[in-house]
Amino acid sequence: MRILVVEDDKHLARAIKRGLEAEGFAADIALNGVDGLWRAKEGDYDLVVLDIMLPGRNGYQVCAELREAGNWTPILMLTAKDGELDEAEALDTGADDYLSKPFSYVVLVARIRALLRRGLRERPVALNAGDLRLDPAAHRVWRGDTEVSLTPRQFALLEFLMRRSGEVLSKRTILEHVWDFAFDGDPNIVEVYVRHLRKKIDEPFSRSAIQTVRLVGYRLDPDGG
């Protein structure tokens, strides 16, 4: 098994490399995001250990570009940053797992072995509703040939609606899936995001994909409006 370690801390990168080789892995090192991206694209690796805070290109960018290029080599992200938002962003850009520094080397190896047992992931299938297309892996949306820029929450809302296209979804259902079960704010936040989404994917194209079902909720037209 060959592993690419993309880490700008030379001492840590070399320590990880020595440790992996002691476990029977072959390991290469890249000390910045640009070199790491090139090596990951050109090399035949079974897994990438990827730091987030890198010179040249950060780990989020490297991960996103690999996934957009159709490279589904398992990625374990390492970072000194901590917190739910950082972890969520790592996973949203296509990482398979996440480990905060300082970490136990035993845990690192266990995570690596677990990812290798899973093997390569298949690329998530793009979602379509007429000429409205959403790529969950690349986090990109198109209306026809025109790419539409969405915020992360707008993207999550549209993805949920498209995965359940044709179904009437209540505000509560949308809140539980796009926000979370513990959300206790104003449920009208759904109306706000639906309005913003319509301004991006419907109104500029004279479409009405997101339909309001009075007193019930919202429905996405399977034909794209």
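For the structure itself, consult the block above.
Residues numbered from 1 in each chain as written. Predicted model: local features only at pLDDT ≥ 70, side-chain atom pairs only at ≥ 80, totals over all residues. Heavy atoms only, no water.

### Some details on the environment of Val194
Step number 1: Mapping Val194 onto the fold places it in helix H8 (residues 189-201).
Step number 2: Spatially, the C-alpha atoms of Val194 and Phe103 are 41 Å apart, while their sequence positions differ by 91 residues.
Step number 3: Dropping the residues within four chain positions of it, Val194 is found in contact with Leu157, Ile210 and Tyr218. (Helix = DSSP H or I, 4+ residues; strand = E, 2+ residues; numbered from the N terminus. Contact = heavy atoms within 4.5 Å.)

### With respect to the packing of helix H6 (residues 152-163) against helix H7 (residues 171-179)
Step number 1: In contact at an axis separation of 10 Å, H6 and H7 are set at 125 degrees when each is read in the N-to-C sense. Viewed along their axes, H6 and H7 adopt a mutual orientation that is oblique. Read as a crossing pair, H6 and H7 show a hand that is right-handed. Contact residues: H6 offers Arg153, Ala156, Leu157, Phe160 and Leu161, while H7 offers Thr173, Ile174, His177, Val178 and Trp179.
Step number 2: Within the contact of H6 with H7, the residues separate by chemical class into seven nonpolar, two polar and one charged. (Axes fitted to C-alpha atoms, helices over the stretch in contact; angles between N-to-C directions. Parallel < 35°, antiparallel > 145°, perpendicular 65-115°, else oblique. Left-handed = near helix turned anticlockwise from the far one by under 90°. Nonpolar A, V, L, I, M, F, W, Y, C, P; charged D, E, K, R; others polar.)

### Some remarks on the pattern of salt bridges
Step number 1: As enumerated under the stated definition, the model contains 16 salt bridges in all.
Step number 2: Between Glu21 and Lys17 there is a salt bridge, with its nearest N and O atoms 2.9 Å apart. Of this pair, Glu21 and Lys17 both sit in helix H1 (residues 10-22), four residues apart, which is roughly one turn of that helix.
Step number 3: What makes Glu21 partly exposed here is its relative accessible area of 38%.
Step number 4: Note that Arg164 and Glu167 form a salt bridge whose closest N and O atoms lie 2.9 Å from each other.
Step number 5: Relative accessible area serves as the criterion here: at 26%, Arg164 is assigned to the partly exposed category.
Step number 6: Overall, the relative accessible area of 36% leaves Glu167 in the partly exposed class. (Salt bridge = Lys/Arg side-chain N within 4 Å of Asp/Glu carboxyl O. Buried < 20%, exposed > 50% of the residue type's maximum accessible area, 1.4 Å probe, protein only.)

### A short note on H8
Step number 1: The terminal C-alpha atoms of H8 lie 18 Å apart, and with 13 residues this matches the ideal 18 Å at 1.5 Å per residue to within 8%.
Step number 2: Three or more residues of H8 are buried, namely Val190, Val194, Leu197 and Ile201. The arc enclosing the buried residues of H8, seen along the axis, measures out at 65 degrees, which places them on a common side. (Expected span 1.5 Å × (residues − 1). Arc of directions from axis to C-beta.)

### Observations concerning the packing of aromatic side chains
Step number 1: Enumeration according to the criterion identifies zero aromatic pairs in this entry.
Step number 2: Its guanidinium or amino end placed over the ring of Trp142, Arg133 lies 4.0 Å from that ring's centre, counting from NZ or CZ. (Phe/Tyr/Trp six-rings, centres within 6.5 Å; stacked < 30°, edge-to-face > 60°. Lys NZ or Arg CZ within 6 Å of the ring centre and 35° of its normal.)

### Description of the sheet that holds strand S2 (residues 26-30)
Step number 1: The strand order S2-S1-S3-S4-S5 describes an open sheet built from five strands, whose pairing is parallel. Two strands close off the open sheet at either side, each with one partner strand: S2 and strand S5 (97-100). Ignoring strand direction, the axes of neighbouring strands in this sheet form an average angle of 20 degrees.
Step number 2: When strand S1 (residues 2-6) meets strand S3 (residues 47-51), the two strands line up parallel, connected through four bridges. Counterpart to Ile3 in the pairing with S3 is Leu47.
Step number 3: Each of S1, S2 and strand S4 (75-79) touches H1; the most contacted strand, S2, lies at about 170 degrees to it. (Pairing = 2+ DSSP bridges.)

### Examining the pairing of strand S7 (residues 132-135)
Step number 1: For strand S6 (residues 127-129) and S7, the ladder comprises three bridges, and the chain directions are antiparallel. Pairing of Asn128 across the sheet is with Arg133, part of S7.
Step number 2: Following S6, the chain reverses through two residues before pairing antiparallel with S7; Gly130 in that reversal takes a positive phi of roughly 65 degrees.
Step number 3: The pairing of S7 with strand S8 (residues 140-143) spans four bridges and is classified as antiparallel. Within S8, the position partnered with Leu134 by the bridge is Val141.

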